Amino acid sequence: MKKDHTSSSTRKPRKLDDKIYSLQQERIADLKEQNSFYEEQIKALQKQLENSPTFS
């Protein structure tokens, strides 16, 4: 997402745009944090699977 005020600044105050933008950035940061947490969990599970005896 790009920070672009050219179109929206005419419709609403810039302060509101900045607030929305910063909230979106916080949300993105939270999601990235969650995502990396899940990636770690997946890696750990994959290692467990690799190390466990195979069942047929």
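Residues numbered from 1 in each chain as written. Predicted model: local features only at pLDDT ≥ 70, side-chain atom pairs only at ≥ 80, totals over all residues. Heavy atoms only, no water.

(A) Quick peek at the overall build of the protein chain. A count of helices and strands for the protein chain gives 1 helix and 0 strands. Here the protein chain holds 56 residues, and 5% of them are scored as buried. Surface summary for the protein chain: the accessible area is close to 5500 Å², and the carbon and sulfur share equals 54%. (Helix = DSSP H or I, 4+ residues; strand = E, 2+ residues; numbered from the N terminus. Buried < 20%, exposed > 50% of the residue type's maximum accessible area, 1.4 Å probe, protein only. Areas by Shrake-Rupley, 256 points an atom, 1.4 Å probe, with all protein chains shown as cover.)

(B) Molecular detail of the packing of aromatic side chains. The full count for this structure, using the stated rule, is 1 aromatic pair. When the ring of Phe37 is compared with that of Tyr38, the centres are 5.5 Å apart and the planes differ by 65°; the resulting orientation is edge-to-face. On the basis of relative accessibility, which here comes to 47%, the residue Phe37 falls in the partly exposed class. (Phe/Tyr/Trp six-rings, centres within 6.5 Å; stacked < 30°, edge-to-face > 60°.)

(C) Main features of a nonpolar patch on the surface. A surface patch of nonpolar side chains, amounting to about 330 Å² of accessible area, comprises Phe37, Tyr38 and Ile42. Note that Phe37 resides in helix 1 (residues 14-51). (Patch = residues over 30% accessible without salt bridge, like charges linked within 9 Å, V, L, I, M, F, W, Y side chains within 5 Å. Salt bridge = Lys/Arg side-chain N within 4 Å of Asp/Glu carboxyl O.)

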